[in-house]
Amino acid sequence: MQAHPHRHDHSPLPPARRAGPILPRAEDPEVAFAGFAFAAGAPPAAPGLLALTRRIGEFLYPVIFTEAEDLAAEVARLREQEPVLASGLADGCFWSARDNARMRKHVLRDLVGKYDPPLNEDFRTGHAAPEIAALVPDRAKNLPSGVAGHGAEPIEATEGELKAMVRAFYSEAMDDPLIGPVFKSHVSDWDHHFEIVQNFWSRSLLGTSRYTGSPFTPHLSMNLKPEFFDRWVALFRKNAEANLKPAAAQAAIARVEHMSVCFQAGLFPPKMPQKDAPQKEPAA
């Protein structure tokens, strides 16, 4: 028997319904996350587990999993206090009523460990899926990221070094025949742009809090092409290695390479096959 969210039967659904990301069927009254059934829609003022998701194509990507004594109040709190949720980015809400707080913690750990939603920090086992990480800044902590992420060498950088790297990169990028025209057509205040980008790297490498936005959103309207990203990464690698200490350079390069994957996943999602499309006959 399936475990319905409004009952006290907490047995998981059959493994065959597990998926990541989730591909729900329109006729299903509930969605299974890691084998546990969640109901769709606004949750009740009752204890349980909560999943906020984003639909990308036909799939649902978890943005955050949480547990609370009052699910309705928790949804309201998240949408008020989390900027990316207040903006309406998470367009799906699913819940599972569970009275036992200890069991909720156990299931929450399992859910986060399997899906790595970008807004969860605890219980993570990896980076968020590129498709959702392209839309939501990934809060994963203490995960391997390039050479420096394994603790081989501490990351040391100064604001002056970050400023020099940013300026050197854009000095070369603006003259580049491939990506130069893109930057020139979309940036009007270069001093302000330099400050924003330096703040981003200050947060990424030094842990400061001056940058609070999402790096993906400004790129949505830029009509980018996949080949732009290869050139961007190549130029960044060159200037990071020239202006930062080795461990900091490797950490920054690893971050840019990951961002390149995430941005492209968000900008150029794979086309879903048509369910009823006729199958081509194999070549003779």
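Everything discussed here concerns the structure shown above.
Quick summary incoming for the structure in this document. Nothing here was measured: the structure is a model prediction, and the numbers come from that model.

### Considerations on the environment of Val197
You can see Val197 is positioned in helix 7 (residues 190–206). Take Val197: its relative accessible area is 15%, and that puts it in the buried class. Once the C-alpha coordinates of Val197 and Tyr211 are considered, the two residues, 14 residues apart in sequence, prove to be 8.5 Å apart. Discounting residues that sit within four places of it in the chain, Val197 has contacts with Val166 and Tyr170.

### Observations concerning the nonpolar core
Counting 63 residues, the largest nonpolar core has Trp201, Phe236 and Leu244 as the members making the most contacts within it. In terms of residues, this core owes the most to one element, helix 9 (residues 246–267), which gives nine residues. Setting aside residues up to four positions removed in sequence, Trp201 forms contacts with Leu162, Met165, Val166, Leu206, Phe236, Ala252, Arg255 and Val256. Judged by nonpolar contacts, the second largest core, of 16 residues, contains Ala34, Phe36, Ala51 and Phe65.

### Quick look at the environment of Ala97
Residue placement: Ala97 occurs in strand 5 (residues 92–97). A residue is classified by how much of its surface remains accessible, and Ala97, at 18% relative accessible area, is buried.

### Things to note about the packing of helix 5 (residues 159–173) against helix 8 (residues 226–243)
Interaxial distance between helix 5 and helix 8 falls to 9 Å at its minimum, and their mutual angle equals 140°. Classified by the interaxial angle, the pair formed by helix 5 and helix 8 is oblique. Considering how the two elements wind past one another, helix 5 and helix 8 form a crossing that is right-handed. Residues Glu161, Ala164, Met165, Ala168, Phe169, Glu172 and Ala173 of helix 5 lie in contact with helix 8, whose contacting residues are Trp232, Leu235, Phe236, Lys238, Asn239, Ala240 and Asn243. Split by residue class, the contact of helix 5 with helix 8 holds nine nonpolar, two polar and three charged.

### Focus: the sheet that holds strand 1 (residues 30–33)
Ordered in space as 1-2-5-3-4, the five strands form an open sheet in which the pairing is antiparallel. Pairing within the sheet leaves two strands with one partner each, and these edge strands are strand 1 and strand 4 (59–68). The sheet shows a mean angle of 35° between the axes of neighbouring strands, taken without regard to direction. As defined by bridge partners, strand 1 adjoins strand 2 (residues 36–40) across four bridges and the pair is classed as antiparallel. Of the residues in strand 2, the one forming a bridge with Glu30 is Ala39. Its contacts with the sheet place helix 1 (residues 71–81) against strand 3 (48–56), strand 4 and strand 5, and it is angled at close to 45° to strand 3. Against the sheet, helix 3 (residues 101–115) makes contact with strand 1, strand 2, strand 3 and strand 4, and its axis sits at roughly 150° relative to strand 4, the strand it touches most.

Parameters at a glance
- Residues numbered from 1 in each chain as written.
- Predicted model: local features only at pLDDT ≥ 70, side-chain atom pairs only at ≥ 80, totals over all residues.
- Heavy atoms only, no water.
- Helix = DSSP H or I, 4+ residues; strand = E, 2+ residues; numbered from the N terminus.
- Buried < 20%, exposed > 50% of the residue type's maximum accessible area, 1.4 Å probe, protein only.
- Contact = heavy atoms within 4.5 Å.
- Core = buried A, V, L, I, M, F, W, Y, C linked by side-chain atoms within 4.5 Å.
- Axes fitted to C-alpha atoms, helices over the stretch in contact; angles between N-to-C directions.
- Parallel < 35°, antiparallel > 145°, perpendicular 65-115°, else oblique.
- Left-handed = near helix turned anticlockwise from the far one by under 90°.
- Nonpolar A, V, L, I, M, F, W, Y, C, P; charged D, E, K, R; others polar.
- Pairing = 2+ DSSP bridges.

In short, the description is geometric, and any link to function would need to be established separately.
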